[in-house]
Amino acid sequence: MSHSSQSMVESPSMEKDLTLADSPAYRRNIENFDNAAKVLNLDSNIARRLRQPERILIVSVPVRMDDGTVNVYTGYRVQHNDSLGPYKGGIRFHEEVDLGEVSALAMSMTWTCAVMGLPLGGGKGAVKVDPFRLSRRELQNLTRRYTAEILPIIGPNTDVPAPDMGTNEQTMAWIVDTFSQRLGHFAPAIVTGKPVEVGGSVLRSEATGRGVVYTIEEAANEIGLNLKGATYVLHGFGNVGTFAAQEMTKRGAKLIAVADVSGGYVNKSGFDVHQLFEHVRRNRTLEGIAAERVPALDVLTVPCDVLIPAATGHVIDSNNAPKIKCKIMAEGANGPTMPEADVILERNGVFTIPDIVCNAGGVTVSYFEWVQGGMHFFWNEEEIDTRLQAIIRKGYRGARAFAKDHNVPTRIAALCVGISRVDKAMRLRGLYA
Ligand code: GLU
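Structure report, in brief.

Parameters and conventions
Residues numbered from 1 in each chain as written. Predicted model: local features only at pLDDT ≥ 70, side-chain atom pairs only at ≥ 80, totals over all residues. Heavy atoms only, no water. Helix = DSSP H or I, 4+ residues; strand = E, 2+ residues; numbered from the N terminus. Rg over C-alpha atoms; globule rule 2.2 N^0.38 Å. Buried < 20%, exposed > 50% of the residue type's maximum accessible area, 1.4 Å probe, protein only. Areas by Shrake-Rupley, 256 points an atom, 1.4 Å probe, with all protein chains shown as cover. Lys, Arg positive; Asp, Glu negative; His and termini not counted. Charge placed at Lys NZ, Arg CZ, Asp CG, Glu CD. Pairing = 2+ DSSP bridges. Axes fitted to C-alpha atoms, helices over the stretch in contact; angles between N-to-C directions. Phe/Tyr/Trp six-rings, centres within 6.5 Å; stacked < 30°, edge-to-face > 60°. Near = heavy atom within 4 Å. Polar contact = N/O pair within 3.5 Å; in protein donor to acceptor, adjacent residues only side chain to side chain. Nonpolar A, V, L, I, M, F, W, Y, C, P; charged D, E, K, R; others polar. Salt bridge = Lys/Arg side-chain N within 4 Å of Asp/Glu carboxyl O.

### Considerations on the overall build of the protein
Now for step 1: Across its full length, the protein holds 14 helices and twelve strands.
Now for step 2: In terms of overall dimensions, the protein is globule-like: its C-alpha atoms have a radius of gyration of 21 Å, near the 22 Å expected for 433 residues.
Now for step 3: Over its C-alpha atoms, taken along the principal directions, the protein stretches across nearly 60 × 55 × 40 Å.
Now for step 4: Taking all 433 residues of the protein together, 59% fall into the buried category.
Now for step 5: Only carbon and sulfur atoms are counted for the fraction: they give 52% of the accessible area of the protein, which is about 18,500 Å².
Now for step 6: A gap of 2 Å separates the mean positions of the 47 positive and 48 negative side-chain charges of the protein.

Shown next as structure tokens:
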């Protein structure tokens, strides 16, 4: 219920001062947020606060390159909201990242954690760099210096980063070491997504891809689709895409198109997924696999039962949305769909599993890693998988129940569930003045 009236004078906001609103990713999130806020009749004072991050840190990161020169990269850490618990979210190394996108991603983490019922808030970090152009040593230098620069605002009880696009277990191990050197003792709780050998959790690497497929299973049940023999398409063959493929294969589904940085590949009779894994392990990308070559974005419009965008954001817009022919669209990626495309997909009967539910498996097992690290007692694969499924399926069903009760798209429903939990916590905690 709304308790306040819109104030007459709009205060200056980060959105305007930092031109966050110029970014398509930020615009997409705000549009979806405003739609959900309307459904919830969210208090405008709460809405005003939630539309922007609580804290933004921009750092410059000097890195000694192998040829002796010093390059300077821009790094970010954005903390959106910590009403439910410490800020949580990955660190992305990507050439095209900007402040608007990192802020949007931080906001999405708030809703992801809230809709899953995790006692965590939302944050995100990034460095504007193409990690594939750096040597291992340069990458380590970059990671350590970026860590040192953001250390004033991160910590095991304040803000806990994790891997994201362009970063992995190794990156997390370097962050642990940098933090531990500072403290003078082993301090792994600074990040999750660490290798098991330095305090990580089993199944953390697999978690996002597995979670994606658990939600696909739920959706398939709802619409009466049998995954055995179903066709699917993957846009992205990184951490999320490969583990999603592994799970889809277990269920007898057939991969008919796939894309990665090297381009798109179509094979209507179905790829041998294990061969693809082997190929990528040896050659780093899909380049050279036997298939029809197409531009990477074209795989999105290959007719199939399940489409899994599992790469970058805003790849589905009003241009290609009318050409998308799938029954289920499962958002392994963060923010692959622009709001104008949502309307088209909905009209065409595509069943969308929104990112904040679909890809929540990663942060869920990150939460388990954080809990296990805290008690220095680690669970086995079976325990992790059972707990992951319980949380993901409950989060999915909660969002779907809201969608049906209020007759709104699942994306808006999931946001509503997440936002209302944050709203309640904010009201209970009150405003520190
Ligand atoms: N980077 C992943 C995400 O954004 C995982 C975050 C985490 O594990 O904290 O969903």
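### Thoughts on the sheet that holds strand 2 (residues 70–81)
Now for step 1: Taken in spatial order, the five strands line up as 1-2-4-3-5 in an open sheet, and their pairing is mixed. Strands with a single pairing partner mark the edges of an open sheet, and in this sheet they are strand 1 (55–64) and strand 5 (159–163). Recorded for the sheet is a direction-independent mean angle of 20° between the axes of neighbouring strands.
Now for step 2: For strand 1 and strand 2, the ladder comprises ten bridges, and the chain directions are antiparallel.

### Some remarks on unusual backbone geometry
Now for step 1: With a phi angle near 45°, Thr19 is a residue other than glycine that sits in the positive phi range.
Now for step 2: Tracing the backbone through its elements, the reader meets Thr19 in the loop between helix 1 (14–17) and helix 2 (24–40).
Now for step 3: Look at Asn41: it is not a glycine, yet its phi comes out positive at around 55°.
Now for step 4: Turning to its location among the elements, Asn41 is positioned in the loop between helix 2 and helix 3 (44–50).
Now for step 5: Residue classification places Asn41 among the partly exposed positions, given a relative accessible area of 43%.

### What to know about the packing of aromatic side chains
Now for step 1: In this structure the tally under the stated criterion is four aromatic pairs.
Now for step 2: When the centroid spacing of 5.8 Å and the interplanar angle of 15° are considered together, the rings of Phe33 and Trp111 count as stacked. Taken together, the residues Phe33 in helix 2 and Trp111 in helix 4 (residues 99–115) connect sequence positions 78 residues apart.
Now for step 3: A residue is classified by how much of its surface remains accessible, and Phe33, at 0% relative accessible area, is buried.
Now for step 4: The exposure class of Trp111 is buried, given its relative accessible area of 2%.
Now for step 5: Aromatic pair Phe237 and Phe277: ring centres 5.9 Å apart, planes at 20°, arrangement stacked. Of this pair, Phe237 sits in the loop between strand 6 (231–235) and helix 8 (239–250) while Phe277 sits in helix 9 (residues 273–283), placing them 40 residues apart in sequence.

### Quick notes on the site of the ligand
Now for step 1: The environment of the ligand is made up of 13 residues, and the closest members are Lys88, Lys124, Pro163, Asp164 and Ser366.
Now for step 2: Lys124 places a polar side-chain atom, nitrogen or oxygen, 2.5 Å from an oxygen atom of the ligand.
Now for step 3: When the free accessible area of the ligand is taken as 290 Å², the share hidden by the protein chains comes to 94%.
Now for step 4: Contributing elements (two or more residues each) for the shell around the ligand: strand 3 (87–93), strand 5 and helix 12 (361–375).
Now for step 5: Grouping the constituent residues of the shell around the ligand by class yields four nonpolar, five polar and four charged.

### Observations regarding the pattern of salt bridges
Now for step 1: Applying the stated criterion across every chain, the model contains 31 salt bridges.
Now for step 2: Where Asp66 meets Arg137, a salt bridge forms, and the shortest distance between an N and an O atom there is 3.5 Å. Placement of the pair is Asp66 in the loop between strand 1 and strand 2 and Arg137 in helix 5 (residues 136–150), with a sequence separation of 71 residues.
Now for step 3: Judged by its relative accessible area of 41%, Asp66 falls in the partly exposed class.
Now for step 4: When the shortest N-O distance is used, the salt bridge between Glu217 and Arg393 registers 2.6 Å. With Glu217 in helix 7 (residues 204–223) and Arg393 in helix 13 (residues 381–406), this residue pair connects regions lying 176 residues apart in the sequence.
Now for step 5: Relative accessible area serves as the criterion here: at 15%, Arg393 is assigned to the buried category.

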